[in-house]
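Now for the letters of each chain:
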Amino acid sequence: ASIVSGSGTNSITVDFSQAATSGNIVVTANNLCGNGASSPPLFITVRPILTAPDPINGSNHVCKPAYGLVYTINPMPGATSYNWSVPLGVNVIAGNGTNSITTDFPLNSCSGNVTAAGINECGSGAITTLLVMVHETPPTPIVMLSGDTLVSSTTLGNQWFVNQHIIPDATGQKYLPSASGDYHD
């Protein structure tokens, strides 16, 4: 720490750099007759501004609506609480102020950043950011029979199943079954 201004007066301004450590401040008055007795020491605790937390753990791709998604950061030494922000439309339903939040992504939620920062007596520290992409949940396909061929109402994103098992490489809009069974898309 160093005195920035006020040396020789009854009031000083002190600069606490990143290298500053905790310690005592003592004042001694002086005049033409010499020095007076020193004041009792005043202990000053120096706490650093917090650095950015470790990366945020949680989903970075969400299909809305989604409920109960958890985002966490590792606890930070010296942090007394945590500040989170979430994208527009996303709701923090539990954990505000802690290193773990539970969120809901309703239908009106948007893509954006989830951010976290530690807080101590010096204020909010640097932030860590996780970009979260919010996607529409695809509609449930309707399967129709056209001759011997099964046809999905969805042109893209299909995966055919038989008896609750994935049919490998069956991802087109149409599928020609080779055996009887319970088929769905």
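Residues numbered from 1 in each chain as written. Predicted model: local features only at pLDDT ≥ 70, side-chain atom pairs only at ≥ 80, totals over all residues. Heavy atoms only, no water.

Topic: the overall build of the chain
Point 1. Secondary structure assignment for the chain yields zero helices and 19 strands.
Point 2. Taking 185 residues into account, the globule formula puts the C-alpha radius of gyration at 16 Å, and the chain, at 31 Å, lies well above it.
Point 3. With the C-alpha coordinates aligned to their principal axes, the bounding extent of the chain is approximately 115 × 25 × 25 Å.
Point 4. Within the chain, buried positions represent 25% of all 185 residues.
Point 5. Total accessible area computed for the chain in this model is approximately 11800 Å², and 56% of it derives from carbon and sulfur atoms. (Helix = DSSP H or I, 4+ residues; strand = E, 2+ residues; numbered from the N terminus. Rg over C-alpha atoms; globule rule 2.2 N^0.38 Å. Buried < 20%, exposed > 50% of the residue type's maximum accessible area, 1.4 Å probe, protein only. Areas by Shrake-Rupley, 256 points an atom, 1.4 Å probe, with all protein chains shown as cover.)

Some details on the packing of aromatic side chains
Point 1. For the structure shown, the criterion picks out three aromatic pairs.
Point 2. With a centroid separation of 6.1 Å and 25° between ring planes, the pair formed by Trp160 and Tyr175 is classed as stacked. Pair noted here: Trp160 is in the loop between strand E15 (149-152) and strand E16 (161-162) and Tyr175 is in strand E18 (residues 174-175), with a separation of 15 residues, a long-range link.
Point 3. Site record: aromatic cluster; members linked through ring pairs are Trp160, Tyr175 and Tyr183. (Phe/Tyr/Trp six-rings, centres within 6.5 Å; stacked < 30°, edge-to-face > 60°.)

Observations concerning the sheet that holds strand E14 (residues 143-146)
Point 1. Strand order in the open sheet made by the three strands is E14-E15-E18, with antiparallel pairing throughout. Across the chains shown, the open sheet's two edge strands, defined by having one partner strand only, are E14 and E18. (Pairing = 2+ DSSP bridges.)

Regarding the environment of Leu131
Point 1. Along the chain, Leu131 falls in strand E13 (residues 123-136).
Point 2. Since its relative accessible area comes to 48%, Leu131 is described here as partly exposed.
Point 3. Sequence separation between Leu131 and Asn120 is eleven residues; the distance between their C-alpha atoms is 25 Å.
Point 4. Among all residues touching Leu131, those that are not within four sequence positions of it are Asn60, Gly112 and Asn113. (Contact = heavy atoms within 4.5 Å.)

As for the layout of surface pockets
Point 1. Looking at the largest pocket, its volume works out to about 330 Å³.
Point 2. Lining the largest pocket we find 14 residues, and of these Gly8, Thr9, Ile12, Val27 and Thr28 sit closest to its centre.
Point 3. Ranked by the residues each element gives to the lining of the largest pocket, the list is headed by strand E4 (residues 28-31), at three residues.
Point 4. A per-class count over the lining of the largest pocket returns six nonpolar, eight polar and no charged. (1 Å grid on protein atoms, 1.4 Å probe; cavity = no way out; pocket = protein on both sides within 12 Å on 5 of 7 lines; lining within 4 Å. Points joined across faces, edges and corners; volume = space filled by probe spheres on them. Nonpolar A, V, L, I, M, F, W, Y, C, P; charged D, E, K, R; others polar.)

Limitation: the analysis is restricted to geometry and does not speak to function.
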